[in-house]
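For reference, the chains in residue letters:
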Amino acid sequence: MLYHAQKGDIVVVDARGDLTSGVFGAMMMTYFRGRGGLGVVIDGAIRDFPEIKALGLGLWLRGVTPNFHTQTNIYPFAVNVPVACGGVTVLPGDIIIADDDGAVVVPIALAPKLAEKATEHVEWEEFSRMKLAEGGDLRRYYPLSDAARPEYEAWRQSLPDTR
């Protein structure tokens, strides 16, 4: 399954929410990390959690277990195919955005729009954080209100163009 891994990959696995079967262990994840993998999203469990956590991979899981997959009822079936992970369809090549709050999937066709929206969001949050640190009204600056938008736009225009 991980033989196809490339630098920057995040592997998404549909393990049907099964917590009795470890999809990956430390050796498989060490191999994945060595290939440049960044993280895994698993609708199920892994084993060898302390060793895998030490690899510094992003981990979005339902849980951990001491069992490896052939001890139970989960066995790898297909690679680079559409899956349903956590009730969401994920296609090969889709973008995974994840942090400590969770993971979401974005269809690759939406990448340009995502980049535009993410840039705008980061900018207005930076502006809002600055205004809140100065004692600004939370209701005005977070989320950015329509009343504060002209002020934000003026601030944004004053920034050096780095795009």
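The preceding data block contains the structure.
Just so you know, these numbers come straight off a predicted model, no measurement behind them. (Residues numbered from 1 in each chain as written. Predicted model: local features only at pLDDT ≥ 70, side-chain atom pairs only at ≥ 80, totals over all residues. Heavy atoms only, no water.)

1. Digging into the packing of helix 3 (residues 111-133) against helix 5 (residues 149-157)
Thinking step 1. Their axes nearest at 10 Å, the elements helix 3 and helix 5 cross at an angle of 105°. Classified by the angle between their axes, helix 3 and helix 5 sit roughly perpendicular to one another. Of helix 5, the residues touching helix 3 (which contributes E120, E123, W124, E126, F127, M130 and K131) are R149, E151, Y152, W155 and R156.
Thinking step 2. Among the residues forming the contact of helix 3 with helix 5, the class breakdown is five nonpolar, no polar and seven charged. (Axes fitted to C-alpha atoms, helices over the stretch in contact; angles between N-to-C directions. Helix = DSSP H or I, 4+ residues; strand = E, 2+ residues; numbered from the N terminus. Parallel < 35°, antiparallel > 145°, perpendicular 65-115°, else oblique. Contact = heavy atoms within 4.5 Å. Nonpolar A, V, L, I, M, F, W, Y, C, P; charged D, E, K, R; others polar.)

2. Section: the pattern of salt bridges
Thinking step 1. Under the criterion given, the structure shown has ten salt bridges.
Thinking step 2. E151 is paired through a salt bridge with K131; the nearest N and O atoms lie 3.1 Å apart. In this pair, E151 is assigned in helix 5 and K131 in helix 3, connecting sequence segments 20 residues apart.
Thinking step 3. Classification of K131 by relative accessible area gives buried; the value is 17%.
Thinking step 4. With its nearest N and O atoms 3.5 Å apart, the salt bridge here joins R149 to E153. Of the two residues, R149 and E153 both sit in helix 5, four residues apart, roughly one turn of that helix.
Thinking step 5. A relative accessible area of 29% places R149 in the partly exposed class.
Thinking step 6. We classify E153 as partly exposed; its relative accessible area is 29%. (Salt bridge = Lys/Arg side-chain N within 4 Å of Asp/Glu carboxyl O. Buried < 20%, exposed > 50% of the residue type's maximum accessible area, 1.4 Å probe, protein only.)

3. Brief notes about the side chain of S145
Thinking step 1. Inspection of the secondary structure assignment puts S145 in the loop between helix 4 (138-141) and helix 5.
Thinking step 2. Take S145: its relative accessible area is 18%, and that puts it in the buried class.
Thinking step 3. Discounting residues that sit within four places of it in the chain, S145 has contacts with R139 and R140.

4. Focus on the layout of surface pockets
Thinking step 1. In this structure, the largest pocket encloses a volume near 910 Å³.
Thinking step 2. Forming the walls of the largest pocket are 32 residues, and the residues nearest its centre are M1, V11, V12, V13 and N80.
Thinking step 3. Of all the secondary-structure elements, those providing two or more residues to the lining of the largest pocket are strand 1 (10-22) and strand 7 (95-99).
Thinking step 4. For the lining of the largest pocket, the leading source of residues is strand 1, giving six residues.
Thinking step 5. Considering only enclosed or pocket space, the second largest pocket measures out at about 230 Å³ in volume.
Thinking step 6. As for the second largest pocket, its lining consists of 15 residues, of which V41, C85, G86, V88 and A103 are closest to the centre.
Thinking step 7. Within the residue set of the lining of the second largest pocket, elements represented by two or more residues are strand 2 (39-46), strand 6 (88-90) and strand 8 (102-106).
Thinking step 8. The residue inventory of the lining of the second largest pocket, partitioned by class, reads twelve nonpolar, one polar and two charged. (1 Å grid on protein atoms, 1.4 Å probe; cavity = no way out; pocket = protein on both sides within 12 Å on 5 of 7 lines; lining within 4 Å. Points joined across faces, edges and corners; volume = space filled by probe spheres on them.)

These figures capture arrangement, not role.
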